[in-house]
Amino acid sequence: MIRRPKSLANALYPLAGAPAPGVSVPAWLRLAPPDPQRLAAQAIEDVAAGFGAAVGALDAVVRRYEPWAGAWRQRLALTAAGVTARQAGRAEDEAALRDAVLLTRPGDEVGPAGRMLLAWRRLAISPPDKLLGEASLAALLHDLGLAHDDEAVSDLADDLRRFAAAPGMVGMLAGAFASVERRGLPRVVGAWVADALLAQRLSWAQATPLAGLESALGAGAVRPRRAAAGAAVSAMETEAERAKGLLAAQARAALRALDLSAELGRRAEKLLAVAPKLRAKAADAVVDKILCGDAIVASEMIAGISDRGLRRLFDRLVSLSAVRELSGRTTFRIYGL
């Protein structure tokens, strides 16, 4: 029998664990990370404890290896891409980003907004130890429309390798953001690499998009407060304030991810309950695609089932409340949990 890695949640909070699929996040955990208005009054130790509780609960969900985990990570990637697009001043919302990728033929250009989604999807499906190499970082900067050169990418990769090997979660995450900022890159890059570093540190099979969910990270709201009477803030206080902001934002994002896991867990239970009753050819392959991804188009090529048969199957699944039609259109329809 394969033994799964011990859960971080059980190590930190052995009596608390994490919410089961379909169960809401407990009230005590939801209150753990302070909101931005209360952050300045919090000690960094308290903020770190809230971060540990939220990420520990998330770690327990990740290690369940749920059949819908692929859809969950990709839905988080879509949300992160939507935040990224807004911060870049683009008009595309999440639905438009999904359309840009799903309704484009393989190999065709998905456009600048579509590449933002592809960048976050790559984070959600790739092994963490492959995410921070030079090729992956260069692809990230390209997808985000950022100018770069080989030397700058190599230097950033070297920095991230050092942070990955260093002890301590706080220093690792704060260091990654600082390294990105020193190179004049937007904080969405810091969010992406922070999620990759977190996944490496926790030995997750795939990264879970988190930091990109918090618009405050990209908007620069996580900054040290000004000292009274214009006095200079010490370097130590600056770093402490920065670390608190990052930890609190990451904790809030972890809670959002837990909420989505509960929601998708409930929907997946319905789909899995009706799956044995489906008589359509290749129904199992369709169900698997729904559980593994954000969405699927009604015209997707699936071996063993015709376009017409696939549309009928989706109509059946919608009537059973097992899947949802996500586009709201009568043509080019898209389905998912």
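Values in this document were obtained by computation on a predicted structure and should not be read as measured data. (Residues numbered from 1 in each chain as written. Predicted model: local features only at pLDDT ≥ 70, side-chain atom pairs only at ≥ 80, totals over all residues. Heavy atoms only, no water.)

Draft legend 1. Geometry of the packing of aromatic side chains. This structure, assessed with the given rule, holds two aromatic pairs. An angle of 80 degrees between the planes, with centres 6.3 Å apart, marks the rings of tryptophan 68 and tryptophan 72 as edge-to-face. When its relative accessible area of 2% is taken as the criterion, tryptophan 72 is described as buried. Between phenylalanine 314 and tyrosine 335 the ring centres are 4.2 Å apart and the planes differ by 5 degrees, which places this aromatic pair in the stacked class. Residue phenylalanine 314 is found in helix α16 (residues 307-319), and its partner tyrosine 335 is found in strand β3 (residues 334-336); the two are separated by 21 residues along the sequence. By relative accessible area, phenylalanine 314 is classed as buried at 0%. (Phe/Tyr/Trp six-rings, centres within 6.5 Å; stacked < 30°, edge-to-face > 60°. Buried < 20%, exposed > 50% of the residue type's maximum accessible area, 1.4 Å probe, protein only. Helix = DSSP H or I, 4+ residues; strand = E, 2+ residues; numbered from the N terminus.)

Draft legend 2. Broad picture of the sheet that holds β3. Reading across from one edge, β1-β3-β2 is the order of the three strands in this open sheet, with antiparallel pairing throughout. The open sheet has two free edges, formed respectively by β1 (296-297) and β2 (324-325), since each of these has just one partner strand. Pairing analysis gives two bridges linking β2 to β3, with the strands arranged antiparallel. The residue of β3 that forms the bridge with glutamate 325 is tyrosine 335. (Pairing = 2+ DSSP bridges.)

Draft legend 3. How the structure looks around the environment of arginine 75. If you trace the backbone, arginine 75 turns up in helix α5 (residues 69-87). Sequence-distant contacts of arginine 75, defined by excluding residues within four places in its chain, comprise Arg98, Leu260, Leu264, Arg267, Asp294, Arg324, Leu326, Gly336 and Leu337. (Contact = heavy atoms within 4.5 Å.)

Draft legend 4. Here's a closer look at the pattern of salt bridges. What the rule picks out here adds up to 15 salt bridges. A salt bridge links arginine 90 to glutamate 92; the shortest N-O distance between them is 3.1 Å. The salt bridge partner of arginine 161 is aspartate 158, with a shortest N-O separation of 2.3 Å. Here arginine 161 pairs with aspartate 158, and both are found in helix α10 (residues 150-165), just three residues apart, close to one helical turn. A network of salt bridges, in which partner residues are shared, links Arg75, Arg98, Arg121 and Asp294. (Salt bridge = Lys/Arg side-chain N within 4 Å of Asp/Glu carboxyl O.)

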